[in-house]
Amino acid sequence: MKFEDIILWLVSLIGGLAMVGARLGWMLFGVAPEPPDDPVAFGMWQRKRRWLIFSELSALPAFAMLAVMVGRLKGWPDLAVILFAMALGGLGFAFLLDALQFLFRKRLGIGGDVR
C-alpha cells in the first residue's frame with residue numbers, strides 16, 4: 001500500500017462521514033424553513049443549513065472516491081469497481097441534486113423549500 005492510497009482513503013472516509021453525519025442530523029433534528037428572530041439562534045440556523053449544503057455537495061466525490069479505493073485495495077477487477085462506483089454515484093448524485101436545488105432556489109429567491 002502506498003502513501004497516496006492512505007491519503008485518498010482518508011479523504012474519502014472523511015467526506016462520506018461528513019455527508020452521512022449531516023443527513024442523519026437533518027433527519028433527527030431538522031432545520032426550520034423560516035429563520036428565527038433571535039440573533040444567536042439565527043447564527044446557529046445559518047451554520048446548520050450551510051453544513052447541510054456542504055455535506056451534500058461533497059457526497060458525489062466522496063462516494064466515487066470510496067468506490068475506487070475499496071476496489072483498488074481489495075484488488076477487484078475493473079468492471080466491478082466501475083459498477084460499484086456507478087451504484088454509489090447514484091446515491092451521491094441524488095444528494096448533489098438536492099444541494100443544487102437549494103442553491104438555485106436561494107439565488108432566484110424562490111421560497112417554499114422543505115428543509
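About the cut-offs
Throughout, residues of each chain are indexed from 1 in the direction in which the sequence is written. With pLDDT at 70 or above as the cut-off, local features in this predicted model cover only qualifying residues; side-chain atom pairs require 80 or more to be listed or tallied, and sums for whole chains, interfaces and linings still use all residues. Side-chain metrics rest on all non-hydrogen atoms present in the structure, leaving aside hydrogens and water. Exposure above 30% relative accessible area and the lack of any salt bridge qualify a residue for a patch; like charges then connect within 9 Å, and the nonpolar side chains Val, Leu, Ile, Met, Phe, Trp and Tyr within 5 Å. Only the protein chains shown count as cover for residues, with accessible areas throughout obtained via the Shrake-Rupley method and a probe of 1.4 Å. Counted as salt bridges are all cases of a side-chain nitrogen of Lys or Arg within 4 Å of a carboxyl oxygen of Asp or Glu. Think of it this way: Lys and Arg go in the positive column, Asp and Glu in the negative one, and His and the chain ends go nowhere. Taken as the charge location is NZ of Lys, CZ of Arg, CG of Asp or CD of Glu. What counts as a helix is a DSSP run of H or I of at least four residues, what counts as a strand is a run of E of at least two, and both are numbered from the N terminus. Working definition: with a 1.4 Å probe on protein chains only, accessible area under 20% of the residue-type maximum means buried, over 50% means exposed, and in between means partly exposed. pLDDT: the predictor's confidence for each residue, scored from 0 to 100. The aromatic pairing rule takes the rings of Phe, Tyr and Trp, using the six-membered ring of Trp, and pairs them if the centres are within 6.5 Å, calling planes under 30 degrees apart stacked, those over 60 edge-to-face and the rest tilted.

## Observations regarding a positive patch on the surface
Together, Arg47, Arg50, Lys106 and Arg107 give the surface a local cluster of positive charge. If you list the elements that add at least two residues to the positive patch, you get helix H2 (39-57) and helix H4 (78-108). By relative accessible area, which is 60% here, lysine 106 ends up exposed.

## Re the environment of isoleucine 53
Tracing the chain through its elements places isoleucine 53 in helix H2. Measuring from C-alpha to C-alpha, the distance between isoleucine 53 and leucine 100 comes to 8.4 Å, with 47 residues separating the pair along the chain.

## Regarding a nonpolar patch on the surface
Among the surface-exposed residues, Ile6, Trp9, Leu10, Leu13, Ile14, Leu17 and Leu73 lie close enough to one another that they form a single nonpolar patch of about 610 Å² accessible area. It is helix H1 (residues 3-29) that contributes the most residues to the nonpolar patch, 6 residues altogether. In this structure, leucine 73 sits in helix H3 (residues 59-74).

## Here's the deal with the confidence of the model for the protein
The predicted coordinates should not be examined in detail at positions where pLDDT is low. Per-residue confidence for the protein averages 76 on the pLDDT scale, and 81% of its residues sit at or above 70. By mean pLDDT, the top-scoring element of the protein is H2 (79), and the lowest-scoring one is H1 (73).

## What about the environment of phenylalanine 102?
Relative to the elements of secondary structure, phenylalanine 102 occurs in helix H4. Residue classification places phenylalanine 102 among the buried residues on the basis of a relative accessible area of 12%.

## What to know about the packing of aromatic side chains
For any pair of aromatic rings, the description consists of the separation of the ring centres together with the inter-plane angle of the planes. Counting across every chain of the model gives 2 aromatic pairs. Centroid distance phenylalanine 42 to tryptophan 45: 5.9 Å. Interplanar angle 25°. Geometry classified as stacked. In this pair, phenylalanine 42 and tryptophan 45 both sit in helix H2, 3 residues apart, roughly one turn of the helix. Measuring from centroid to centroid gives 5.6 Å for tryptophan 76 and phenylalanine 84, while their planes differ by 75°, and the two rings are edge-to-face. We classify tryptophan 76 as partly exposed; its relative accessible area is 35%.

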